[in-house]
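# Coordinates in review
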Amino acid sequence: MYAGLDVAAVVGSMSFLYAVVQSDFYNGLPIAGQALTVAPLQILTGFAMWCTWCIGHDAGHGTVSKSTKFGKGINRIVGEITHSMICLTPFVPWALSHKKHHLNHNHLEKDFSHQWYIREEAGDLHPLIKASYYIRMVFFPFLYFIYLFTGIPDGGHVLFYGRMWEGESMKDKLDGALSVAVSVATAGTLWHNMGTSDFAVVCMAPWTVMGFWLFMVTYLQHHSDDGKLYTDDTFTFEKGAFETVDRDYGELVNKLSHHMMDGHVIHHLFFTKVPHYRLHAATQALQKGMKERGQDHLYKQIDTPDYTQEIVKQYYNNWFYVNEKNVVRE
């Protein structure tokens, strides 16, 4: 049901956006007027794509369907539709790197999806990494594209190289290549039928909005002033999970985003067990249980109603740096 509603929202909003772009009214406007006319629809479509992306995220964890007989197939189909097609994110490669993130969350060197640099060691970084810090705001709108296509920091999700593919079999790579083929075929079909200009306005601009939501949510879930990172000597799965942060973006945004933001701690604790539609109730149970046991100090929750301003501030001030004092080495 959730997947169907979200896909319908994407198809409906994108179809309306395309109809506007094809209209005589739109084509009679100057470029600035065209941009202002479609911007609200691009933002709306991009948000609908983000909500759909959350469903594919669940499929990658195998929680869309827990059926012992049909669950694997259902999760794969839902994942290919929501991620590979709707969100142009190859499902199998993304699920692979994301699983490795969950198994190594907040590990200084082994975490996936996040790269961590010690602030006090900034002078020792490679010149290209130093340069990327100084122009970090130029890359800001395109970070999801960079992540998928350049393989920074996990490895390629379209071309298979880098650490995420180390030890993976040829069968796994061929399986991942099928997801890439679905994404490429979808993008190619839309591009061919729409033309470059309309494809950019109707598809890629909303995709960039979706990528902004994904980066913002992911970054803020794993960054806080007192957040800790662990090494081989100190890391445990549970310690890493409790360094993630639940953030409240407001009731409506939380619900539409399937509680991806305000149910993240419980998700990291039980990422293969709790589907998105149980995250809110499970989080409430977690909070209650930890309070009863005097462990509520371990749980992190931050109200973040000004989320767009917060991500710009945090990314500008901190980038991917972490202070040495936040690294638990012994």
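Refer to the structure printed above.
Residues numbered from 1 in each chain as written. Predicted model: local features only at pLDDT ≥ 70, side-chain atom pairs only at ≥ 80, totals over all residues. Heavy atoms only, no water.

## Some remarks on the overall build of the protein
How we decide: Here a strand is any run of E in DSSP of at least two residues, a helix any run of H or I of at least four, and the numbering for each starts at the N terminus. Burial here depends on accessible area, computed with a 1.4 Å probe over protein chains only, as a share of the maximum for the residue type. Under 20% is buried, over 50% is exposed, and the range in between is partly exposed. Per-residue accessibility takes into account occlusion by the displayed protein chains alone, with areas from the Shrake-Rupley method and a 1.4 Å probe. Neither His nor the chain ends contribute to the count of charged residues, in which Lys and Arg are positive and Asp and Glu negative. A charge is said to be at NZ when it belongs to Lys, at CZ for Arg, at CG for Asp and at CD for Glu.
From N to C terminus, the protein includes 15 helices and 6 strands. Counting only C-alpha atoms and orienting by the principal axes, one finds that the protein spans roughly 65 × 50 × 45 Å. The buried share of the protein, taken over its 330 residues, is 51%. Surface accessibility of the protein: about 16,300 Å² in total, with carbon and sulfur atoms responsible for 63%. Across the protein, the mean location of the 26 positive side-chain charges is 5 Å away from that of the 32 negative side-chain charges.

## Description of unusual backbone geometry
Note the cis peptide between Ile 152 and Pro 153, where omega equals 5 degrees. If you trace the backbone, Pro 153 turns up in the loop between helix H8 (143–150) and helix H9 (170–194). Of note, Trp 319 is a non-glycine position whose phi angle comes to about 50 degrees, a positive value.

## Some words on the packing of aromatic side chains
Put simply, the rule is: Between the rings of Phe, Tyr and Trp (Trp by its six-membered ring), a pair exists once the centres lie within 6.5 Å; its type follows the angle of the planes, with under 30 degrees stacked, over 60 edge-to-face, and the other angles tilted. Placement of a positive charge over a ring is assigned whenever Lys NZ or Arg CZ falls within 6 Å of the ring centre and within 35 degrees of the normal to the ring plane.
On inspection of all chains with the given rule, the structure shows 28 aromatic pairs. With a centroid separation of 5.7 Å and an interplanar angle of 15 degrees, the aromatic rings of Trp 50 and Trp 53 are classed as stacked. With a gap of 3 residues between them, Trp 50 and Trp 53 both fall in helix H3 (residues 31–61), about one helical turn apart. Since its relative accessible area comes to 3%, Trp 53 is described here as buried. Grouped by ring-pair contacts, the aromatic residues Tyr 117, Tyr 133, Tyr 134, Phe 140, Phe 212, Phe 215, Tyr 219, Tyr 315, Trp 319, Phe 320 and Tyr 321 constitute a single cluster. Over the face of the ring belonging to Phe 112 we find Arg 163, whose NZ or CZ atom lies 3.8 Å from the ring centre.

## Topic: the pattern of salt bridges
So the rule is basically this: In what follows, salt bridge is the name for a side-chain nitrogen of Lys or Arg lying within 4 Å of a carboxyl oxygen of Asp or Glu.
With the rule as written, the count across this model stands at 10 salt bridges. With a closest N to O distance of 3.4 Å, Lys 313 and Glu 310 form a salt bridge. In this pair, Lys 313 and Glu 310 both sit in helix H15 (residues 307–318), 3 residues apart, roughly one turn of the helix. Taking the relative accessible area as the measure of exposure, Lys 313 reaches 44% and is therefore partly exposed. Classification of Glu 310 by relative accessible area gives buried; the value is 12%. Several salt bridges converge on common partners, so that one network encompasses Arg 76, Glu 80 and Asp 175.

## Here we look at the packing of H9 against helix H10 (residues 196–221)
The axes of two packed helices give the description: the angle between them and the distance between them. Threshold: For helices, the fitted line uses only the C-alpha atoms of the stretch in contact; every axis is such a line through C-alpha atoms, and the angle between N-to-C directions lies from 0 to 180 degrees. Oblique is the label for any angle not under 35 degrees, not over 145, and not in the 65 to 115 range, which are roughly parallel, roughly antiparallel and roughly perpendicular in turn. Should the near helix be turned counterclockwise from the far one by less than a right angle, the crossing is left-handed, whereas a clockwise turn marks it as right-handed. Contacts between residues were defined by any pair of non-hydrogen atoms, one from each residue, lying within 4.5 Å. We call Asp, Glu, Lys and Arg charged. Ala, Val, Leu, Ile, Met, Phe, Trp, Tyr, Cys and Pro are nonpolar, and the rest, Gly among them, are polar.
Where H9 contacts H10, the two axes come as close as 7 Å, and the packing angle between them is 125 degrees. Viewed along their axes, H9 and H10 adopt a mutual orientation that is oblique. Between H9 and H10 lies a crossing whose hand is right-handed. Here Ala 187, Leu 190, Trp 191 and Met 194 of H9 lie close against H10, whose contacting residues are Thr 196, Asp 198, Phe 199, Val 202 and Cys 203. Split by residue class, the contact of H9 with H10 holds 7 nonpolar, 1 polar and 1 charged.

## Section: the nonpolar core
To keep things clear, this is the line we draw: What makes a nonpolar core is a set of buried Ala, Val, Leu, Ile, Met, Phe, Trp, Tyr and Cys residues whose side-chain atoms join them at distances within 4.5 Å.
Core analysis: the biggest nonpolar cluster contains 57 residues, and Trp 50, Trp 53, Tyr 144, Trp 213 and Tyr 249 have the highest contact counts within it. Elements represented by at least two residues in this core include exactly helix H1 (2–22), H3, helix H5 (91–103), H8, H9, H10 and H15. If one sorts the elements of this core by residue count, H10 sits on top with 14 residues. In this view, Trp 213 contacts Phe 47, Trp 50, Tyr 249, Val 253, Met 261 and Tyr 307; residues no more than four positions away in its chain are not counted.

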